[in-house]
Amino acid sequence: MALPSHVKTVVIGAGIHGLSTAWHLAARLKGQGKGGGKDILVLDKTAIAAGASGIACGVVRNNYYQPAMRELMAQCVEVWESDPAAFSYHPVGYMQISPEAMRDDVAAIHEQQKAIGYESVFVEGAGPSETYMKGLFDDWQARGITSVLHEKRGGYANNTAAIYGLAKKAEDLGVRIATGVEVTGFRSGHAAAAVAAVETGKGVIECDQVVVAVGPWINRLWTLLELPNTVTIKGRDGRLHQDIPMWRYWALEEGTLGVDPNLQKTNDGAMPPVIHVDTDAPLHSDVDGSLITEQMWGIYYKPDFNFGGVQGGAMPQKVEAPADQVAVDPYGPDSPDFVVDDNFAHMWCSALAFCQKRFEGQIGKYKKEPSGGLGCFTPDSFPVFDRFRENVFVIADSNHGYKMIGVGKLVAEELLGGGSALLGPFRFARYAEGRLHPVSHSPFPWS
Ligand SMILES: Cc1cc2nc3c(=O)[nH]c(=O)nc-3n(C[C@H](O)[C@H](O)[C@H](O)COP(=O)(O)OP(=O)(O)OC[C@H]3O[C@@H](n4cnc5c(N)ncnc54)[C@H](O)[C@@H]3O)c2cc1C
């Protein structure tokens, strides 16, 4: 495709956020008689779904301790439910299965889910939790569990299929998607702050506004936009914490046990909800019985025909190097540094066996293929959705975001002058103002 020399809106990144924004913006422009998809150009340096959206596990849940996240996720689930076929979305539900240290947190989540009309069942106590789980899986055997939250909505989507579904919706409205075009810089206009054009490897494109939705590459684009690489955060104690790095990386750990996905069906033969288990019970090897960890640990898993087995993950690994020194490319399975190793396979398969007897002795079927990938996190591990330099909207989801298909809808409304109460708690100014999200007892940085 020949690139235009001017377009009203440039969207950088053809992942879940860039494409959802382009689709919703095109629909609104058309609906309001103000233009349409022809006014929007999506640029991606590689391809549609070349980033985190193309390798994500695809889990869609509401289970968040932070009220603002739950409310946003409820809106996102509505978008997933609006066209399950196009998004390859499987509404099987989601379960958070937790130890005593998390019981109060999860009880609070359930209370608010009731308040916002998000259907879920909450079971408390070791005995009732075990009975509930055995009612679903008769081989359930996880220990150290004293509560179960069963979300009846949510589930998972097939990662790339959903992104292609979004791309089709956008293109059907006239949006142009140019792949193999890397944004390498921004040009300012007469108004000093605003961006007047994006520089790409294939020429300069003048534009009225820019949407940055580049997932794990946000550190680089942030630098190109000359935004601050450290922030001051007003803590809960009222003190100012200076020079906190804006971005840091974690390596997501995921893999697939190459069994027949039907192995994980429920007692009544249905496809099961996505399972997430956190526990403080010691984890021992399913191979030789040795101790793997006595710290709180967690895993998630689901049968997935797309991955060809039971697919899931465990807690991510912190990348200690400063963000500027982390090689994001080559990304995902192509990375020489950020794919899972044998330790992950050993831990995750042992944890599966800890939860359900059917997984005992199955580690030999673990798929030895590169998996996992980097996620880029903000200082508090929650998203930043905000406007910078007057006409640049940054969607930086802090790696929460495959499930956040509805954020693009809210961003499109803001681009057309509307405000969004749901996006309000995710403004950049929250760091300086001390409007921080509550922190849960989960062993994951994203719960
Ligand atoms: C292994 C793994 C599993 C995950 N599982 C889940 C999950 O189960 N559920 C969930 O909700 N979230 C999950 N996440 C997080 C989720 O995948 C991301 O938060 C989300 O996909 C980010 O979407 P995005 O559109 O912002 O970015 P991406 O999908 O990463 O897309 C960004 C795009 O920008 C392009 N790009 C980058 N720089 C430039 C440039 N300079 N010029 C042009 N194009 C550029 C890239 O090529 C890429 O295609 C997971 C993440 C990982 C890594």
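In what follows, the structure referred to is the one given above.
Because the structure is a prediction, the values reported are computed rather than measured.

### Observations concerning the sheet that holds strand β8 (residues 155–157)
Overall, antiparallel pairing links the three strands, which are arranged β3-β8-β4 in an open sheet. Lying at the two open borders of the sheet, with one neighbouring strand each, are β3 (59–60) and β4 (89–90). Where β4 lies against β8, two bridges are found, and the strand directions are antiparallel. Paired with His-90 across the bridge in β8 is Tyr-156.

### Quick word on the environment of Asn-267
Its location among the elements puts Asn-267 in the loop between β15 (248–257) and β16 (274–279). Distance from Asn-267 to Asp-138, taken between C-alpha atoms, is 6.5 Å for residues 129 residues apart in sequence. The residues touching Asn-267, leaving out its near neighbours within four places in the chain, are Lys-134, Gly-135, Leu-136, Phe-137 and Asp-138. Polar contacts involving the side chain of Asn-267 include one to the main-chain carbonyl oxygen of Lys-134, which spans 2.9 Å.

### Description of the site of the ligand
Within the structure, the ligand sits among 40 residues, and Asp-44, Ser-53, Val-59, Asp-397 and Lys-403 are positioned closest to it. Val-59 is positioned with one of its backbone polar atoms (N or O) 2.8 Å from an oxygen atom of the ligand. Within the backbone of His-400, an N or O atom sits 3.1 Å from an oxygen atom of the ligand. Among the secondary structure elements, those contributing two or more residues to the shell around the ligand are α1 (16–31), β2 (40–44), β15 and β21 (373–377). Its residues placed into classes, the shell around the ligand shows 22 nonpolar, twelve polar and six charged.

### Quick word on the sheet that holds β16
A sheet is described by the order of its strands in space; here eight strands give the open sequence β6-β7-β5-β16-β19-β20-β15-β21, paired in mixed fashion. Lying at the two open borders of the sheet, with one neighbouring strand each, are β6 (120–124) and β21. Strand-to-strand, the axes of this sheet are offset by a mean angle of 20°, without reference to chain direction. As paired elements, β15 and β21 share five bridges and run antiparallel to each other. Note on β21: the bridge partner recorded for Ala-251 is Leu-374. Most of the contacts of helix α3 (residues 100–115) go to β6, to which it runs at about 150°, and overall it touches β5 (94–98), β6, β7 (147–151) and β16.

### A word on the state of the cysteines
By definition, a disulfide links the sulfur atoms of two cysteine residues through a covalent bond. Taken as a whole and assessed by the stated rule, the structure comprises zero disulfides. Free cysteine: Cys-349, not disulfide-bonded; nearest cysteine sulfur from Cys-355 at 12 Å.

### Brief notes about the environment of Ile-48
Looking at where Ile-48 falls in the secondary structure, it is placed in the loop between β2 and β3. According to the relative accessible area criterion, Ile-48 is buried, its value standing at 18%. Separated by 119 residues in the primary sequence, Ile-48 and Ala-167 have C-alpha atoms spaced 7.8 Å apart. Not counting residues up to four positions away in its chain, the partners in contact with Ile-48 are Ala-14, Leu-19, Ile-163, Tyr-164, Ala-167, Ile-177 and Thr-179.

### Details of helix α8 (residues 407–415)
The element α8 is largely enclosed, with a buried count of seven among its nine residues. Of the residues making up α8, those classed as buried are Val-407, Gly-408, Leu-410, Val-411, Ala-412, Glu-414 and Leu-415. Downstream of α8 by a residue or two, Gly-417 has a phi angle that is positive, lying close to 100°.

### Here's the deal with the nonpolar core
Judged by nonpolar contacts, the single largest core of 52 residues is most densely connected at Leu-19, Leu-72, Trp-80 and Phe-385. Of all the secondary-structure elements, those providing two or more residues to this core are α1, β2, α2 (67–82), α5 (159–172), β23 (392–396) and α8. With nine residues, α2 is the single largest residue contributor to this core. Ignoring any residue separated from it by four or fewer positions in sequence, one finds Leu-72 in contact with Phe-385, Met-404, Val-407, Leu-410, Leu-422, Leu-423 and Phe-426. With 43 residues, the next largest nonpolar core counts Leu-43, Val-183, Trp-222 and Phe-388 among its residues.

### Considering the side chain of Asp-278
By the secondary structure assignment, Asp-278 is in strand β16. No salt bridge is formed by the buried Asp-278. Its closest oppositely charged neighbour is Arg-61, at 8.5 Å.

### Concerning the packing of aromatic side chains
Under the definition given, this model contains 18 aromatic pairs. With 5.2 Å between their ring centres and 85° between their planes, Trp-222 and Trp-247 make a pair best called edge-to-face. Pair noted here: Trp-222 is in helix α6 (residues 218–224) and Trp-247 is in the loop between β14 (240–245) and β15, with a separation of 25 residues, a long-range link. By relative accessible area, which is 4% here, Trp-247 ends up buried. Aromatic ring contacts, followed pair by pair, group Trp-23, Trp-80, Phe-87, Tyr-89 and Tyr-402 into a single cluster. In this arrangement the basic side chain of Arg-61 is found over the ring face of Tyr-64, its NZ or CZ atom lying 4.2 Å from the centre.

Thresholds applied
The written sequence of each chain sets the order in which its residues are numbered from 1. For this predicted model, a pLDDT threshold of at least 70 governs which residues receive local features, and a threshold of 80 or more governs which side-chain atom pairs are given and counted, while totals over whole chains, interfaces and linings are taken from all residues. Values reported for side chains reflect all heavy atoms of the structure, with hydrogen atoms and water molecules removed beforehand. One requirement defines pairing of two strands: DSSP has to find at least two bridges between them. Helix and strand definitions here come from DSSP, where helices need a minimum of 4 consecutive H or I residues and strands a minimum of 2 consecutive E residues; each element is numbered from the N-terminal end. Note on definitions: a residue-residue contact is assigned when non-hydrogen atoms from the two residues lie within 4.5 Å. As used in this structure description, the phrase polar contact means that two N or O atoms lie within 3.5 Å; if the pair is within protein, one of them must be able to donate a hydrogen and the other to accept it, and residues adjacent in sequence are counted only when both atoms belong to side chains. A cutoff of 4 Å decides nearness: a residue is near a molecule or strand if any of its heavy atoms lies inside that distance of it. The nonpolar class holds Ala, Val, Leu, Ile, Met, Phe, Trp, Tyr, Cys and Pro. Asp, Glu, Lys and Arg form the charged class, and all remaining residues, Gly among them, are polar. All axes here are fitted lines through C-alpha atoms, helices being fitted over the stretch that makes contact, and every angle between N-to-C directions spans 0 to 180 degrees. Only a pair of cysteine sulfur atoms within 2.5 Å qualifies as a disulfide here. To sort residues, take the accessible area from a 1.4 Å probe on protein chains only and compare it with the maximum for the residue type: under 20% means buried, over 50% means exposed, and anything in between is partly exposed. Nonpolar cores are built from buried Ala, Val, Leu, Ile, Met, Phe, Trp, Tyr and Cys residues. Side-chain atoms within 4.5 Å join them into one set. All tallies of charge rest on Lys and Arg as positive and Asp and Glu as negative; His and the ends of each chain are not included. The rule for a salt bridge is simple: a side-chain nitrogen of Lys or Arg has to be within 4 Å of a carboxyl oxygen of Asp or Glu. What counts as a ring pair is set by centres within 6.5 Å for rings of Phe, Tyr and Trp (its six-membered ring), and what kind of pair is set by the plane angle: stacked under 30 degrees, edge-to-face over 60, tilted for all other angles. Placement of a charge over a ring requires the Lys NZ or Arg CZ to be within 6 Å of the ring centre, with the centre-to-atom vector within 35 degrees of the ring normal.

Read these as spatial facts, not as claims about activity.
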